[in-house]
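# Overview (structure and organization)
Listed below are the residues making up each chain.
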Amino acid sequence: MMNEFPGAVPEIPVSDITRAAAYYENNLGFTLDWGGEDGGIAGISKGNCRMFLTNRAFREGYGNASPVLIWLNLNSKEEVNELHALWSSGHAKIISPPESKPWKLHEFTVADLDGNLFRVFYDFSKDL
């Protein structure tokens, strides 16, 4: 039996794959790897992070809908702050700036065009 799982690949519900993929590429720095509106699904990636964008027709049989919340776990507070700066300069829809929370996460939140949220965080509980 496998002792470790590979990284999860979330499915992000979007209203228009072409429009969503352009936002993920131009504002968040992802790459469109394959797919598009015609097939109802597209794969995007940035480094080891992989995600699927799916339109309403593709999701119809499954019932999943937006908005969804995806957590991205980075390796340091500095990485969180740097990504926030990069995404801010790319005109991403920043919902909240980086902040160290009482629950020991340094985090910020960004939204896509369909209201799906990304909470980018670093768990600093082990640093104390």
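Please read all numbers here as calculations on a predicted model, not as lab measurements.

Rules of the game
Residues numbered from 1 in each chain as written. Predicted model: local features only at pLDDT ≥ 70, side-chain atom pairs only at ≥ 80, totals over all residues. Heavy atoms only, no water. Helix = DSSP H or I, 4+ residues; strand = E, 2+ residues; numbered from the N terminus. Rg over C-alpha atoms; globule rule 2.2 N^0.38 Å. Contact = heavy atoms within 4.5 Å. Areas by Shrake-Rupley, 256 points an atom, 1.4 Å probe, with all protein chains shown as cover. Phe/Tyr/Trp six-rings, centres within 6.5 Å; stacked < 30°, edge-to-face > 60°. Buried < 20%, exposed > 50% of the residue type's maximum accessible area, 1.4 Å probe, protein only. Lys NZ or Arg CZ within 6 Å of the ring centre and 35° of its normal. Pairing = 2+ DSSP bridges. Axes fitted to C-alpha atoms, helices over the stretch in contact; angles between N-to-C directions. Salt bridge = Lys/Arg side-chain N within 4 Å of Asp/Glu carboxyl O.

## Points about the overall build of the protein chain
- The number of helices and strands found in the protein chain is three helices and eight strands.
- Taking 128 residues into account, the globule formula puts the C-alpha radius of gyration at 14 Å, and the protein chain, at 15 Å, falls close to it.
- Overall, the C-alpha framework of the protein chain stretches about 50 × 45 × 25 Å when taken along its three principal axes.
- The long-range fraction of contacts in the protein chain, counting pairs at least 24 apart against all pairs at least 6 apart in sequence, stands at 47%.
- Roughly 7,600 Å² of accessible area belongs to the protein chain as shown, and the carbon and sulfur atoms make up 53% of that amount.

## A look at the packing of aromatic side chains
- The tally for this structure, following the rule as stated, stands at seven aromatic pairs.
- Relative to Tyr 24, the ring of Tyr 23 has its centre 6.1 Å away and its plane inclined at 90°; by these criteria the two rings are edge-to-face.
- By relative accessible area, Tyr 23 is classed as buried at 5%.
- Owing to a relative accessible area of 0%, Tyr 24 belongs among the buried residues under this scheme.
- A ring pair is formed by Trp 71 and Phe 121, whose centres lie 5.4 Å apart and whose planes are at 80°; its orientation type is edge-to-face. Of this pair, Trp 71 sits in strand E5 (residues 69-73) while Phe 121 sits in strand E8 (residues 117-123), placing them 50 residues apart in sequence.
- By relative accessible area, which is 39% here, Trp 71 ends up partly exposed.
- For Phe 121, a relative accessible area of 12% gives the class buried.
- Following the ring pairs from residue to residue traces out a cluster consisting of Tyr 23, Tyr 24, Phe 30 and Phe 118.
- Cation over ring: Lys 77 sits above Phe 124, and NZ or CZ is 4.2 Å from the ring centre.

## Let's talk about the sheet that holds strand E3 (residues 41-46)
- One open sheet accounts for four strands, arranged E1-E4-E3-E2; its pairing is mixed. Two strands lie at the open edges of the sheet, namely strand E1 (11-13) and strand E2 (31-36), each paired on one side alone. On average, adjacent strands in this sheet sit at an angle of 25° to one another, irrespective of strand direction.
- Contacts from helix H1 (residues 17-26) reach E1, E2, E3 and strand E4 (49-54), with the element oriented near 155° to E4.

## What about the pattern of salt bridges?
- One pass over the structure, following the stated rule, counts two salt bridges.
- For Glu 99, the salt bridge is made with Lys 101, and the minimal N-O distance between the two is 3.0 Å.
- Residue Arg 119 pairs with Glu 107 through a salt bridge whose shortest N-O separation is 2.4 Å. Of this pair, Arg 119 sits in strand E8 while Glu 107 sits in strand E7 (residues 105-111), and the two are twelve residues apart along the sequence.

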